[in-house]
Amino acid sequence: MAQQHKPSVLSQNHYAPSFEAESDEEVYDANKEGLVRGMLSEIGEDPEREGLRRTPLRVAKAMDFLTSGYELSAEEIIKGAVFKEDVKEMVVVRDIEFYSLCEHHMLPFFGHAHVGYLPNGQVVGLSKIARVVDVFARRLQVQERLTSQVADALMAHLGAHGVAVVMEASHTCMMMRGVQKQKSTTVSSAMRGTFKDDARTRAEFMGFVRG
Ligand code: ZN
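Reading the values: rules and limits
Residues numbered from 1 in each chain as written. Predicted model: local features only at pLDDT ≥ 70, side-chain atom pairs only at ≥ 80, totals over all residues. Axes fitted to C-alpha atoms, helices over the stretch in contact; angles between N-to-C directions. Helix = DSSP H or I, 4+ residues; strand = E, 2+ residues; numbered from the N terminus. Parallel < 35°, antiparallel > 145°, perpendicular 65-115°, else oblique. Left-handed = near helix turned anticlockwise from the far one by under 90°. Contact = placed C-beta atoms within 7 Å. Buried ≥ 20, exposed ≤ 12 C-beta atoms within 10 Å, placed from the backbone. Expected span 1.5 Å × (residues − 1). Pairing = 2+ DSSP bridges. pLDDT = per-residue confidence, 0-100. Core = buried A, V, L, I, M, F, W, Y, C linked by C-beta atoms within 7 Å. Nonpolar A, V, L, I, M, F, W, Y, C, P; charged D, E, K, R; others polar.

Let's shift gears to the packing of helix H1 (residues 30-42) against helix H2 (residues 55-66). Running from N to C, H1 and H2 cross one another at 120°; their axes reach a closest spacing of 8 Å. Overall, the two elements H1 and H2 adopt an arrangement that is oblique. You can see that H1 and H2 cross each other, and the crossing is right-handed. In this structure, H1 uses Lys32, Glu33, Val36, Arg37 and Leu40 to contact H2, whose residues at the interface are Thr55, Pro56, Leu57, Val59, Ala60 and Met63.

Have a look at this one:
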């Protein structure tokens, strides 16, 4: 009998080791695989030819992984990694790589996030900030909402005086359509608390981001 995996298997790990079939018989998600097979036929391909035979399974696994953020909780990630520390200075994590899918075309957009916060008696492990970015990036997104969601989650669960998020991204749905769009990037920002209210704090953060 073919094994049937739960689609959520991938989302339990933060990183996906592989999208390959574990065996020749493996069925990962019969519904999703059927839909991908239908799509292959619709675009004029032969889903049974050798190179495409396991493509539906790989796509099903890849899509589950790329949308696994729906099943992850930013609150859990932050709450488990917060510790008391009497730091008053701004903490900035720069150049956090992220990969997301645009909700209009389901094509990748990717780039870097820069995150700053002003601690209020507690700080969070730095790697957790990158994980919070992934929680929201691994969903169907628009860049502006992704940016706000990261800022709001950190603001809500970190108890910070303020949070700042800037994201710079390249959207393949724009880049792949024509010439002279390959180098354009979209920049979005979300400022909360002190970063919103105080121009000097905001300027200091932007200085770090550009530096
Ligand atoms: Zn798009």
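There's plenty left to go through after this.
For leucine 57, the location among the structural elements is in helix H2. Note on leucine 57: 23 C-beta atoms within 10 Å, which makes it buried. Setting aside anything within four residues of it in sequence, one finds leucine 57 in contact with Ala21, Glu26, Tyr28 and Glu33.

In this section: H1. With 13 residues, H1 ought to run about 18 Å at 1.5 Å a step, and its terminal C-alpha atoms sit 18 Å apart, in line with that. Backbone geometry just downstream of H1 places glycine 44 in the positive-phi region, at approximately 90°.

Turning our attention to the sheet that holds strand E3 (residues 108-118). Pairing in this open sheet of five strands is mixed, and the strands run E5-E2-E3-E6-E7 from one edge to the other. Because the sheet does not close on itself, it has two edges, and the strands there are strand E5 (140-141) and strand E7 (186-193). Both strand E2 (residues 91-102) and E5 contribute to a ladder of two bridges, which runs parallel. If you follow leucine 101 over to E5, its bridge partner there is leucine 140. Strands in contact with helix H5 (residues 143-158) are E2, E3, E5, strand E6 (162-171) and E7; relative to E7, the strand with the most contacts, it is inclined by about 25°.

All right, on to the confidence of the model for the chain then. Residues shown with low pLDDT carry predicted positions that ought not to be read at fine detail. Residues at a pLDDT of 70 or more form 92% of the chain, whose mean pLDDT is 91. Low pLDDT, under 50, characterises residues 1-7; the predicted model gives this stretch 10 contacts beyond four residues in sequence or across chains.

We now examine the nonpolar core. Ranked by internal contacts, the top residues of the largest apolar core, which has 33 residues, are Ala113, Val132, Val133, Val150, Leu154, Val163 and Val165. Sorting the residues of this core by element identifies helix H3 (74-79), E2, E3, helix H4 (126-137), H5 and E6 as the ones contributing at least two each. Setting aside chain neighbours within four positions, we find valine 163 in contact with Tyr117, Ala151, Leu154, Met155, Arg192, Gly193 and Phe195.

Attention shifts here to H2. Between the first and last C-alpha of H2 there are 16 Å, a value that for 12 residues agrees with the 16 Å anticipated at 1.5 Å per step. The elements touched by buried residues of H2 are H1.

Closest axis-to-axis distance for the H4/H5 pair is 9 Å, and the angle between their directions is 135°. The pairing of H4 with H5 is recorded here as oblique in orientation. Of the two elements, H4 crosses H5, and the hand of that crossing is right-handed. Along the contact surface, H4 presents Val132, Val133, Phe136 and Ala137, while H5 presents Leu146, Gln149, Val150, Ala153 and Leu154. Among the residues making up the contact of H4 with H5, the classes are represented as eight nonpolar, one polar and no charged.

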